[in-house]
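Here is what each chain is made of, one letter per residue.
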Amino acid sequence: MWKGTNKRAFTVIDSLIGLTIICTFSLSYIQTTHQMNETITNAEKVMTIERQKYETEIVRE
């Protein structure tokens, strides 16, 4: 009787640990991807502004 109960309990606990690990790494991946995309977007904005400044300098010369 105890063997069946222990196996079920172990399976449930093992499943919960697996789900916790999967969720943690999924959230970490999503957060990292979002942060990288935000950084790229900000860098593109800065690059566009600097390019416009550079092009206006060239036109003035």
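Computed from a prediction, not measured in an experiment: that's the story for all the values here.

**Describing the overall build of the chain**
Right, on to step 1. When you go through the chain residue by residue, the secondary structure sums to one helix and zero strands.
Right, on to step 2. Relative to the 2.2 N^0.38 estimate, which gives 10 Å for 61 residues, the radius of gyration of the chain is 26 Å and therefore markedly larger than a compact globule would have.
Right, on to step 3. In terms of its C-alpha atoms, the chain occupies a principal-axis envelope of roughly 90 × 5 × 5 Å.
Right, on to step 4. The proportion of buried residues among the 61 residues of the chain is 0%.

**Section: the pattern of salt bridges**
Right, on to step 1. For the structure shown, the criterion picks out two salt bridges.
Right, on to step 2. One salt bridge in this structure joins arginine 51 and glutamate 55, with 2.9 Å as the shortest N-O distance. A residue pair is termed a helical-turn pair when its members lie 3 or 4 positions apart in one helix, as arginine 51 and glutamate 55 do in helix α1 (residues 2-60) at four residues.
Right, on to step 3. According to the relative accessible area criterion, arginine 51 is exposed, its value standing at 56%.
Right, on to step 4. Take glutamate 55: its relative accessible area is 38%, and that puts it in the partly exposed class.

Conventions and cut-offs
Residues numbered from 1 in each chain as written. Predicted model: local features only at pLDDT ≥ 70, side-chain atom pairs only at ≥ 80, totals over all residues. Heavy atoms only, no water. Helix = DSSP H or I, 4+ residues; strand = E, 2+ residues; numbered from the N terminus. Rg over C-alpha atoms; globule rule 2.2 N^0.38 Å. Buried < 20%, exposed > 50% of the residue type's maximum accessible area, 1.4 Å probe, protein only. Salt bridge = Lys/Arg side-chain N within 4 Å of Asp/Glu carboxyl O.

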